[in-house]
Amino acid sequence: MHVIRDDNVDSLKVYDRVCTVIQSTVKIYDLEIDEDGEDGEESFEVRKKRVRPCRTERPPKRSTMLRQAPRLLARATSMMKVRSFSTADVPATPTADSSFIDAWRKVIPNIDPPNTPLAFMTPRPSTPTSIPSKLTVNFVLPYQSELSGKEVDMVIIPATTGQMGVLPGHVATIAELKPGVLSVHEGNDVSKYFISSGFAFIHANSYADIIAVEAVPIDRIDPNLVQKGLAEFTQKLSTANTESEKAEAQIGVDVHSALNSALTG
Amino acid sequence: MAMVALRREGRRFAPLISHNPINAVRSSVITEELAPQGARFVSTQIVRTRMKSVKNIQKITKAMKMVAASKLRAIQTRAENSRGLWQPFTALLGDASSVDVKKNVIVTISSDKGLCGGINSTAVKISRAIHKLSSGPEKEPGYVVLGEKAKVQLIRDSKQQIKLSISELQKNPLNYTQVAVLADDILKNVEYDALRIVFNKFQSVVSFLPTMSTVLSPEVVERESESGGKLGELDSYEIEGGETKSEVLQNLTEFQFSCVLFNAVLESACSEQGARMSAMDSSSRNAGEMLDRLTLTYNRTRQASITTELTEIISGASALEG
């Protein structure tokens, strides 16, 4: 992003390339376009045109447009206000493991070193001195980022040791999760998900990462199927012979009873 | 005129050409082209068959490009949705790419089918470089290979170091359960201190970045967190659940491996389709250009032979008159 800020016309090419990357993260424009009250589905080309009339009086040159549009983009991609629901990752600053790159270049000078995950991740903010008012939650599943950088008041996670409430300023924790209900409290809204197991990391800077393998909102669970499943697995448990069969049946019983209590409780 | 055309075609068809037509007759290919002296007709058969085959190639590669484009569309959304999966782990455990360990295992992800540009070679090149980087007096890196193409390349020089090789990964649509089972297999059968996953990360249809993700074994994580450094903050985290810290760490690293592997496999599949799309696109474009050139040659040859015939008829007629 820094590259685009100078008024060099060569940055036009970089800018075009960045546009194609950004085009996939539609929601950036939602943040901007919603201010103008326009449809979020606009393509970037139309957006460029629209910038011109409201920014300058005279017909602006390409360089002026280059100057204005990135400022809007930069505003939209500020650190704390992480793009909601964006599922593509944009390399923020190319932070990389310098010791790895040095070691690489010593042994293999001809080939460029491969990228490492740090290069593709926006770095997390450091621990603030005072407790922040909101907890930032990332709730991810293998096929979707359910919540990405959402600021909430509290989450209750089903750790193996029991339900655990997490407020901003919680001590840094790694929690293993069991099948149960995850509830996200924001103001007066509570959204509940039933998750299969996973992990939850709570960092000192009031960021919570919850990784689950499968999650469904509670209202989508059918109680009849839950009862049927529970009965089926209890029966399997009683007729199981081998260790693995017993373990499977036990897991089935556990999950279904957790589902049951989630629906009733 | 015919000689000029023949000379041009000869560059393509026959290895031996001489300007002397009698010697040319002896060459097998040109025998069919150049009429023996006395005949009046030059065959354009060869050019025509070549044009037909090039046109077929153009059609096939265009179809392959369409297929790759549709597969790419399907898998791209899934790959982008899975990108949130590895970020929490990197946020917690940092990027351990420079951690020095004894037993490195390099997991190379490649495709099963070919015609996808240079991505498999890139992955193998980076894997070999990492192998070199992590080789030392007591260290012996091993390979786990996913995909046929990398296996074929690595088996040539590192056959003993390939611990496990998996193919036909994409027979059924990729899903997390399948990859989790695969990860479980790898973890059970391979001894490792650090797993380095090498894959091509999909950035756009024309750009694929070779990437290396690292997953450390639980013992190494404990060791590193105790000694401070990158994972030093890990000690400050309280552990909820499980009896001991090492048990939770073990579950954590196994979960991390399956998540990172899932994302890597999806990105790799995306890159494969993207690379195949651009390879087939350039191939069909080349075929189109080749077809244009051949058409020109064909027409020139045809017109030359017609002109020759006409000339002969007219000169014969004028000889009769005059």
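Residues numbered from 1 in each chain as written. Chains lettered and ligands numbered in written order. Predicted model: local features only at pLDDT ≥ 70, side-chain atom pairs only at ≥ 80, totals over all residues. Heavy atoms only, no water.

You'll find chain B entered in an unreviewed UniProt entry as ATP synthase subunit gamma, mitochondrial, with Protea cynaroides given as the organism. Recorded in UniProt under Sequence similarities (unreviewed entry), the annotation for chain B is "Belongs to the ATPase gamma chain family." Word for word, the UniProt comment on chain B under Subcellular location (unreviewed entry) is "Mitochondrion inner membrane". (UniProt positions renumbered as here; feature names shortened; annotations may be inferred.)

Within an unreviewed UniProt entry, the label attached to chain A reads ATP synthase subunit delta', mitochondrial, and the organism entered is Protea cynaroides. Listed under Subunit (unreviewed entry) in UniProt, the entry text for chain A is "F-type ATPases have 2 components, CF(1) - the catalytic core - and CF(0) - the membrane proton channel. CF(1) has five subunits: alpha(3), beta(3), gamma(1), delta(1), epsilon(1). CF(0) has three main subunits: a, b and c." In the Sequence similarities (unreviewed entry) part of its UniProt record, chain A is described as follows: "Belongs to the ATPase epsilon chain family."

Caption draft 1: Region of the structure containing the interface of chain A and chain B. Taken together, the contact pairs 44 residues of chain A with 44 residues of chain B. Together, Pro117, Pro142 and Ile174 of chain A form the three largest contributors to the area buried by chain A at its contact with chain B, with a combined 15%. Linking chain A with chain B are zero salt bridges, by the criterion used here. Applying the counting rule to chain A against chain B returns seven residue pairs in polar contact (both at pLDDT 80 or more). For the side of chain A that touches chain B, the secondary-structure elements that each account for two or more residues are α6 (98–107), β1 (135–141), β2 (144–152), β5 (173–177), β8 (198–202) and β9 (207–212) of chain A. (Contact = heavy atoms within 4.5 Å. Buried area = accessible area lost by both parts, 1.4 Å probe. Salt bridge = Lys/Arg side-chain N within 4 Å of Asp/Glu carboxyl O. Polar contact = N/O pair within 3.5 Å; in protein donor to acceptor, adjacent residues only side chain to side chain. Helix = DSSP H or I, 4+ residues; strand = E, 2+ residues; numbered from the N terminus.)

Caption draft 2: Structural context of the confidence of the model for chain A. Residue and element names in this part refer to chain A. Averaged over every residue, the pLDDT of chain A is 70; residues scoring 70 or more account for 63%. Across chain A, β9 holds the top mean pLDDT of 91, while helix α3 (residues 27–36) sits lowest at 35. Here residues 1–67 is modelled with pLDDT under 50, and outside its nearest four sequence neighbours on either side it reaches 67 contacts, counting other chains as well. A low-confidence stretch, residues 69–88 stays under pLDDT 50, and its non-local contacts, those more than four residues away or across chains, total 43 contacts. (pLDDT = per-residue confidence, 0-100.)

Caption draft 3: Fine view of unusual backbone geometry. Positive phi values are uncommon outside glycine, yet Ser206 of chain A reaches one of about 60°. Locating Ser206 of chain A in the fold gives a position in the loop between β8 and β9. At Leu115 of chain B, a position not held by glycine, the phi torsion is positive, near 60°. By secondary structure assignment, the location of Leu115 of chain B is in the loop between β1 (104–109) and α6 (119–133). Looking at Leu115 of chain B, the relative accessible area reads 54%, which means it is exposed. (Buried < 20%, exposed > 50% of the residue type's maximum accessible area, 1.4 Å probe, protein only.)

Caption draft 4: Molecular detail of the environment of Asp112 of chain A. Residue placement: Asp112 of chain A occurs in the loop between α6 and β1. Residues Asp112 of chain A and Ile156 of chain A, 44 residues apart in the sequence, show an inter-C-alpha distance of 45 Å. Excluding its chain neighbours within four sequence positions, the residues that come into contact with Asp112 of chain A are Trp104 and Arg105 of chain A together with Ile126 of chain B.

Caption draft 5: Representation of helix α8 (residues 176–189) of chain B within the structure. Under the 1.5 Å per step criterion, the end-to-end length of α8 of chain B is 20 Å for 14 residues, consistent within 8% with the ideal 20 Å. Those residues of α8 of chain B that are buried are in contact with β2 (142–146), β3 (162–166), β4 (194–204) and α10 (245–321) of chain B. (Expected span 1.5 Å × (residues − 1).)

Caption draft 6: Examining the sheet that holds strand β5 (residues 207–216) of chain B more closely. Residue and element names in this part refer to chain B. What the five strands build is an open sheet, ordered β3-β2-β1-β4-β5; its pairing is mixed. Unpaired on one side and paired on the other, β3 and β5 mark the two borders of the sheet. With direction set aside, neighbouring strand axes in the sheet form an average angle of 20°. Inspection of the sheet shows β4 paired to β5 by ten bridges, in the antiparallel sense. Bridge pairing in β5 links Arg196 to Thr214. (Pairing = 2+ DSSP bridges. Axes fitted to C-alpha atoms, helices over the stretch in contact; angles between N-to-C directions.)

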